[in-house]
Amino acid sequence: MMNSKAIDERNEKPFLAVLNGGVPERTPFWLMRQAGRYLPEYRELRTKAGSFLDLVYNPEFATEVTMQPLRRYGMDAAILFSDILVIPHALGQDLSFVQGEGPKLDPVRGEKDLSRLRYDDTVLQPVYETVRGIRNAMADEGMEETALIGFAGAPWTVATYMIEGGSSRDFIHAKGWAYSEPDSFAKLIELITEATIVYLGKQIDAGAEAVQLFDSWAGALDEDQYARWVIAPTEKIVLALHKAYPHIPVIGFPRGSGALYPVYAQQTKVHALGLDSQVPLEMAVALKDICAVQGNLDPVCLLSGGTAMEKRARDILETLGGDRFIFNLGHGVIKETPPIHVEQLTRIIRQF
Ligand code: CP3
């Protein structure tokens with residue numbers, strides 16, 4: 001049972017109101033990667049922490065980094081500062097972030113490597129501590145209308161990093177395994193799915209008010225593989241969370257899904273769909289018949305700023321604003337983005 005204070009909060013926070021089917025008093029917005037290297041105060045704390053993982057696992061620093069963009073721009077939602085790769089880390093995989101090269105993992109390449117993996121939730125205690133820290137900081141700083149989003153990578157996207165050992169262009173090893181030995185690949189997906197259900201549940205217990213599943217590489221799979229490795233595990237996570245936490249909305253972001261967005265929304269039963277920048281606005285309007293939508297300004301358009309950005313942001317707001325819509329980018333803020341462009345975007349959204 002929810003107490004009445006919690007119900008009031010759901011209605012008073014515009015971001016949660018949209019996810020719960022209400023009509024908010026303003027169009028809520030937040031930006032994927034709103035905390036990050038484009039902000040000088042982030043770079044300063046990042047240097048102080050040492051490595052990226054030292055920042056992620058330091059609750060005090062991670063809380064501070066989460067708060068930085070909110071203080072500047074007053075987004076309607078904070079997103080926990082962490083990374084999708086903490087799940088492979090908690091499964092026992094070696095993980096490091098090499099400056100300028102991105103993540104490096106000790107690759108898992110087949111059934112024989114699966115026995116090495118075992119989920120140890122204690123690794124993630126600092127993340128839950130950060131969630132509590134952010135809720136406290138938001139209360140202390142009077143951000144009553146700001147919601148906190150928890151997140152995880154979706155199993156397919158997390159699996160690509162675990163198998164390729166880092167970022168990839170063509171996913172030869174991950175897709176190759178899925179095509180050639182689907183039964184053992186399913187075991188890996190199952191392992192990640194179960195860990196993700198525990199991980200997101202604990203984020204919610206610690207104070208996350210909504211969660212987002214990042215499936216950044218959903219667009220790499222054909223229709224059959226997509227059904228099996230994107231839709232099915234996502235549906236399982238949504239169902240488990242919905243049972244345990246009926247009042248917590250789930251946002252799915254299956255980037256690059258194209259023509260498969262509608263079937264993803266229908267089958268996974270996510271409360272909202274994150275849309276990449278290529279999704280036509282007319283298609284986004286049609287998707288609002290299934291669930292709320294979130295998106296989809298091109299991050300490069302934000303990087304460029306100026307009148308082109310202003311025009312596109314207004315087009316998005318005019319076509320999608322009103323109800324069932326959360327303004328966001330189609331992918332994360334790029335590190336070269338001038339902070340003043342984010343300020344310009346904030347003004348456009350608030351004036352709408
Ligand atoms: O503000 C936020 O959005 C919350 C924090 C957040 C980060 N990563 C911090 C981060 C979130 C939600 C993520 C998700 C994430 N991480 C995804 C899914 C979204 C997407 O971008 O597609 C993926 C694929 C990752 C994996 C990852 N983490 C990569 C490939 C990299 C290296 C590339 C890069 O941008 O440097 C990271 C590192 C990372 N995660 C950084 C940040 C701020 C930069 C690291 C640094 O500060 O040195």
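Refer to the structure printed above.
So, here's what we can say about the structure. (Residues numbered from 1 in each chain as written. Predicted model: local features only at pLDDT ≥ 70, side-chain atom pairs only at ≥ 80, totals over all residues. Heavy atoms only, no water.)

## Topic: the site of the ligand
Taken together, the neighbourhood of the ligand is formed by 23 residues, with Arg 33, Arg 37, Tyr 42, Ser 216 and His 331 sitting nearest. The contact in question runs from an oxygen atom of the ligand to an N or O atom on the side chain of Ser 216, over 2.5 Å. Protein coverage of the free-state accessible area of the ligand, which is 870 Å², stands at 89%. A molecule is said to occupy a pocket when more than half its atoms come within 2 Å of that pocket's grid points, and by this definition the ligand occupies the largest pocket. Broken down by secondary-structure element, the contributors of at least two residues to the shell around the ligand are helix H3 (40-49) and strand E3 (102-105). Of the residues belonging to the shell around the ligand, the class tally is 13 nonpolar, six polar and four charged. (Near = heavy atom within 4 Å. Polar contact = N/O pair within 3.5 Å; in protein donor to acceptor, adjacent residues only side chain to side chain. Areas by Shrake-Rupley, 256 points an atom, 1.4 Å probe, with all protein chains shown as cover. 1 Å grid on protein atoms, 1.4 Å probe; cavity = no way out; pocket = protein on both sides within 12 Å on 5 of 7 lines; lining within 4 Å. Sits in = over half its atoms within 2 Å of the grid points. Helix = DSSP H or I, 4+ residues; strand = E, 2+ residues; numbered from the N terminus. Nonpolar A, V, L, I, M, F, W, Y, C, P; charged D, E, K, R; others polar.)

## Some points on the pairing of strand E6 (residues 250-253)
Where burial is concerned, the two faces of E6 agree: the one with Val 250 and Gly 252 and the one with Ile 251 and Phe 253 are both buried. Examined bridge by bridge, strand E5 (residues 210-214) and E6 share four bridges and lie parallel to one another. If you follow Leu 213 over to E6, its bridge partner there is Gly 252. What joins E5 to E6 is helix H12 (residues 223-244), and the crossover it makes is right-handed. When E6 meets strand E7 (residues 272-274), the two strands line up parallel, connected through two bridges. Within E7, the position partnered with Ile 251 by the bridge is Ala 272. In this region the chain leaves E6, passes through helix H13 (residues 261-268) and returns to the parallel neighbour E7; the handedness of that crossover is right-handed. (Buried < 20%, exposed > 50% of the residue type's maximum accessible area, 1.4 Å probe, protein only. Pairing = 2+ DSSP bridges. Right-handed = clockwise from strand over helix to strand, strands pointing away.)

## Describing the layout of surface pockets
A volume near 1300 Å³ is recorded for the largest pocket. In this structure, the largest pocket is lined by 39 residues; those nearest its centre are Arg 33, Arg 37, Phe 52, Asp 83 and Phe 97. When contributions to the lining of the largest pocket are tallied by element, the ones reaching two or more residues are H3, strand E2 (95-98) and E3. The class makeup of the residues in the lining of the largest pocket is 20 nonpolar, eleven polar and eight charged. (Points joined across faces, edges and corners; volume = space filled by probe spheres on them.)

## Considering the environment of Ala 137
With respect to the secondary-structure elements, Ala 137 resides in helix H8 (residues 125-140). Exposure remark for Ala 137: the relative accessible area of 13% places this residue in the buried category. Distance in space between the C-alpha atoms of Ala 137 and Thr 193 is 31 Å, their sequence separation being 56 residues.

## Remarks on the packing of aromatic side chains
Applying the stated criterion across every chain, the model contains twelve aromatic pairs. Measuring from ring centre to ring centre gives 6.1 Å for Tyr 128 and Tyr 199, while their planes differ by 50 degrees; the resulting arrangement is tilted. You can see Tyr 128 sitting in helix H8 and its partner Tyr 199 sitting in helix H11 (residues 182-206), a full 71 residues away along the chain. Judged by its relative accessible area of 1%, Tyr 199 is buried. Between the aromatic rings of Phe 185 and Trp 229, the centroid separation amounts to 4.7 Å while the plane-to-plane angle is 80 degrees, which identifies the pairing as edge-to-face. Remark: Trp 229 occurs in helix H12 and Phe 185 occurs in helix H11; sequence separation between them is 44 residues. Pair check on accessibility: Phe 185 and Trp 229 agree, each one buried. Put simply, the rings of Trp 156, Phe 171, Trp 177, Phe 185, Trp 217 and Trp 229 pair up and form one aromatic cluster. Sitting above the plane of the Trp 217 ring, Arg 255 keeps its charged end 4.8 Å from the centroid. (Phe/Tyr/Trp six-rings, centres within 6.5 Å; stacked < 30°, edge-to-face > 60°. Lys NZ or Arg CZ within 6 Å of the ring centre and 35° of its normal.)

## What to know about the nonpolar core
For soluble globular proteins, nonpolar side chains are generally found buried alongside one another. Phe 15 and Phe 327 are the most contacted members of the largest nonpolar core, which totals 126 residues. Residue contributions to this core peak at ten residues, all from H11. Dropping the residues within four chain positions of it, Phe 15 is found in contact with Pro 28, Trp 30, Asp 76, Ala 77, Ala 147, Ile 149, Ala 210, Ile 251, Gln 294 and Ile 326. (Core = buried A, V, L, I, M, F, W, Y, C linked by side-chain atoms within 4.5 Å. Contact = heavy atoms within 4.5 Å.)

## Comments concerning helix H5 (residues 59-73)
Taking 1.5 Å per residue as the helical rise, H5 with its 15 residues ought to reach 21 Å, and the 22 Å between its terminal C-alpha atoms agrees with that figure. Of all the bends in H5, the greatest reaches close to 25 degrees and is centred on Met 67; the proline Pro 69 follows between one and four positions later. Within H5, burial applies to Phe 61, Ala 62, Thr 63, Val 65, Thr 66, Met 67, Gln 68, Pro 69, Leu 70 and Tyr 73. On its buried face, H5 is in contact with H3, helix H4 (52-56), strand E1 (77-79), H8 and helix H17 (339-351). Regarding H5, its N-cap is Asn 58, as a side-chain oxygen of that residue lies 3.1 Å from the backbone nitrogen of Glu 60 further along. Immediately downstream of H5, the backbone of Gly 74 shows phi near 60 degrees, a positive value. (Expected span 1.5 Å × (residues − 1). Bend = angle between axes of the 7 residues up to and from the residue.)

## Observations concerning the pairing of E5
With five of its five residues buried, E5 lies for the most part within the structure. Taken together, the five bridges between strand E4 (residues 147-153) and E5 define a ladder with parallel strand orientation. Looking at the pairing, Phe 151 lines up with Gln 212 of E5.

## Things to note about the sheet that holds E5
Picture the strands of a sheet paired through backbone hydrogen bonds; they go either parallel or antiparallel. Taken in spatial order, the seven strands of this open sheet run E1-E4-E5-E6-E7-E8-E9, and their pairing is parallel. Lying at the two open borders of the sheet, with one neighbouring strand each, are E1 and strand E9 (325-329). Put simply, the sheet's adjacent strands are angled 25 degrees from each other on average, direction ignored. In this fold H13 packs onto E6 and E7, with an angle of close to 145 degrees to the strand it touches most, E7. (Axes fitted to C-alpha atoms, helices over the stretch in contact; angles between N-to-C directions.)

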